[in-house]
Structures are given as structure tokens and as C-alpha cells.
Amino acid sequence: MATQFNEMRIDPEFEQKIPPITQEEFCTLEENILADGEILNAIIVWEGIIVDGHNRFKILLKHPEIPYHIHEKAFDNRFDAFAWICKNQLGRRNLTLEQRKYLIGKQYEAEKAAHGGDRKSETKSSSQSGNLNGEKTCERIAREHNIGKNTVIRAEVFANAVDAADDVSPGIRQNILSGRIKPTEKEVQEIISAEPIERSELVEQLCLPKTVRRGQNQCIQTEGMTVDDRDVNPRQPEHNVSRKLIQEISEGMVHSEGVAGATEGSMIYEMNDALEDMIFRWNLCRETYPVHVRSRTGKAKIKQLADQGIDYFRRIKKGGLWNEQQSKV
């Protein structure tokens with residue numbers, strides 16, 4: 001039986017995982033729909049729940065006279081519907097790196113829940129989930145997005161940390177996914193590992209500028225002024241901490257052996273994260289700019305960038321990183 005207008009509804013859990021558009025973009029969409037005289041793209045629903053077209057539906061509520069179309073989708077369960085939403089959103093071209101990581105993580109989480117965990121599927125579930133030759137869920141998703149399976153696993157950790165942070169401080173999810181706040185992998189792991197009662201402080205620290213966050217457990221004296229977490233409003237860090245003071249805090253943390261409190265494990269974690277982000281972003285550019293990637297000038301410039309990266313890593317393999325550091329001491 002076809003879904004009627006008054007049967008369509010928004011599921012908050014589904015909607016909050018979809019990267020929101022700005023108010024300006026919403027107004028532009030509304031203007032375009034009014035100019036067209038109809039909603040050209042169908043609103044996609046599953047058992048009356050909207051899985052694609054939340055903004056079109058909101059515009060329809062404001063202008064019920066506008067013609068529209070409804071497309072029905074069939075899913076085995078709520079997890080399958082959620083996984084489809086993530087994959088559908090990943091087809092968008094204007095996602096931030098954080099949004100893509102989040103959606104891949106939530107897709108992985110949903111598909112594991114729908115098909116009994118990340119394991120080799122049995123024959124019956126293999127055809128349903130799209131697994132080939134007994135692939136694990138993380139391996140198949142990695143292949144779909146042309147990334148490593150460890151990146152998929154880390155994306156789930158990132159997504160869960162974002163949700164945990166938003167539970168503590170509603171609204172921070174959007175700040176992270178928009179790129180206004182960029183947590184390190186170490187900070188993501190800390191949020192996930194912490195007890196719920198401890199997460200509030202970690203999330204507050206996450207709102208601070210990165211240079212201040214690195215010294216979050218220290219109290220540093222500069223020009224007779226004491227700065228610690230109590231002196232900084234995490235909601236408005238840029239207004240409360242001057243750039244000069246932030247620089248002084250950062251410089252005060254560095255000594256002859258590197259950054260205070262740093263460990264070899266955290267260093268490797270950060271470097272690995274940076275490497276995977278680089279690979280992820282290059283793959284994203286390849287998908288986003290297919291014409292330019294294949295053009296003669298595009299290929300030449302990409303090769304130049306690749307050569308720069310190769311030269312850098314060759315120096316690393318030859319011991320260049322630590323030799324250069326030692327020469328500065």
C-alpha cells in the first residue's frame with residue numbers, strides 16, 4: 001500500500017546522522033523548488049519513515065500545494081535502512097573528510113548489526129549483504145570506498161566517539177563533522193575509553209584550540225597570568241585566549257625531548273592517522289574530480305605532488321627525520 005502524505009514522518013535518529021545543509025542552502029533549495037513548480041526528486045520512504053528527502057519534506061510542509069513524488073524502499077530491518085542512508089549520503093560530492101569518516105563508520109556499525117557482526121557471512125546472508133567469497137563486512141565496505149579495512153574500523157571508532165561527545169554536549173557533532181573542531185585519533189580513543197562520568201571534561205577540552213588542548217593537564221605561567229581549564233570558556237575559546245597566549249602555551253610545552261607527556265605509541269598513532277587521512281583525501285579527490293584527474297595538466301601536477309611525497313618518505317626511510325631533528329638540537 002502506497003504511503004500517503006500524512007503518513008510520512010521523520011525519524012530523529014535517521015535525520016541526525018545525515019550531514020545537514022546550511023540555512024542558505026535550504027533557502028536556495030526552496031527557491032528552486034518554487035521556481036520549478038514541483039519537487040523533482042522523489043521523497044524516499046521506508047514504511048512511512050523518510051530515508052532521503054528530509055529537506056524536501058520540510059519544504060513540502062510549508063508549501064503543501066507543490067506536486068511531489070514518493071518512492072517506496074524495502075528493507076529487512078532498521079539497520080539495513082540506516083546502512084542504505086549512509087551509503088546514499090556518501091554519494092554526495094560536498095562532504096567534509098569528517099562527514100565521510102562518520103558515515104563510513106555508521107554504515108559499518110549498521111551493517112554489522114544487520115548481519116550478525118563483522119564475520120564471514122554464511123551463504124544466506126552473503127547474498128543479502130553483498131559479501132563476496134566470504135568477505136568480512138569491513139573488507140567489503142573498504143573495497144566499496146577504495147580504502148583500507150583498518151580505516152573502516154577506525155571510522156567506526158570515530159563515529160561512536162562523535163556520538164558520545166554529542167550525548168554530553170548536544171551540537172558538538174555538527175562542529176566536528178563540519179571541521180570546525182578536529183579531534184585527534186588519541187582524543188577520539190580517550191572519549192570512547194572513558195567512563196561516561198569522565199566524558200564531560202574530555203568533551204570540554206575538545207572545544208579548546210588544539211594548541212591549548214595539548215597542555216590540558218598543565219597549568220602554565222605566562223607574564224604573571226595563570227591559564228588552566230577554569231580560565232578558558234570552551235564554548236568561545238577564540239574570544240578568551242589570545243593567539244599570542246596560545247603560542248606561549250604551545251612553546252612552553254616543548255622541551256629538548258619533544259612534547260611533554262608524549263609517548264612513542266601516541267606518536268605512531270598520530271603519524272598513522274595522518275597517513276591514512278592523506279590516502280583517504282587523495283582517493284576522495286579522485287572520485288570528486290574525475291575529469292581533472294584524467295586531464296593532461298591534471299596528471300602532470302598530480303605527478304609533481306606525488307614526487308614531492310615520495311622524496312619526503314625516501315628521506316624518512318634513510319633516517320632523514322631524526323637526523324634533521326638532531327641537527328636542530
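To keep things clear, this report deals only with the structure shown in the data block. Owing to the predicted nature of the structure, the values given are computational and were not obtained by experimental measurement. (Residues numbered from 1 in each chain as written. Predicted model: local features only at pLDDT ≥ 70, side-chain atom pairs only at ≥ 80, totals over all residues. Heavy atoms only, no water.)

## Some details on the environment of Tyr 269
Then comes step 1: Tracing the backbone shows Tyr 269 in helix H15 (residues 264–288).
Then comes step 2: The spacing of Tyr 269 and Thr 184 is 85 residues in sequence and 9.4 Å in space, taken between C-alpha atoms.
Then comes step 3: Beyond its immediate stretch of four places on either side in the chain, Tyr 269 contacts Arg 154, Glu 185, Lys 186 and Gln 189. (Helix = DSSP H or I, 4+ residues; strand = E, 2+ residues; numbered from the N terminus. Contact = heavy atoms within 4.5 Å.)

## What to know about the nonpolar core
Burial of nonpolar side chains together is a common tendency in soluble globular proteins.
Then comes step 1: Formed by 27 residues in total, the largest nonpolar core has its most connected members in Phe 14, Trp 46, Val 51, Ile 104 and Val 152.
Then comes step 2: Put simply, the parts of the chain that give this core at least two residues each are strand S1 (43–46), strand S2 (49–52), helix H4 (78–90), helix H5 (97–114), helix H7 (137–145) and helix H8 (149–168).
Then comes step 3: Per-element accounting of this core gives the leading share, 7 residues, to H4.
Then comes step 4: In this structure, Ile 104 is in contact with Leu 90, Ile 141, His 145, Ile 147, Val 152, Ala 155 and Phe 280, ignoring residues within four places of it in sequence.
Then comes step 5: Core analysis: the next-biggest nonpolar cluster, separate from the first, contains 18 residues, Ala 161, Ala 164, Ala 165 and Leu 206 among them. (Core = buried A, V, L, I, M, F, W, Y, C linked by side-chain atoms within 4.5 Å. Buried < 20%, exposed > 50% of the residue type's maximum accessible area, 1.4 Å probe, protein only.)

## Here we look at the pattern of salt bridges
Then comes step 1: Scanning the model with the defined rule gives 17 salt bridges in all.
Then comes step 2: Across the salt bridge formed by Glu 111 and Arg 140, the nearest N and O atoms sit 2.1 Å from each other. Of the two residues, Glu 111 is situated in helix H5 and Arg 140 in helix H7; the sequence distance between them amounts to 29 residues. When sorted by exposure, Glu 111 lands in the same class as Arg 140, which is buried.
Then comes step 3: The residue Arg 314 makes a salt bridge to Asp 311 at a minimum N-O spacing of 4.0 Å. Here Arg 314 pairs with Asp 311, and both are found in helix H17 (residues 296–317), just 3 residues apart, close to one helical turn.
Then comes step 4: Put simply, Lys 106, Glu 109, Asp 163, Asp 166 and Arg 173 are held in one network by salt bridges that share partners. (Salt bridge = Lys/Arg side-chain N within 4 Å of Asp/Glu carboxyl O.)

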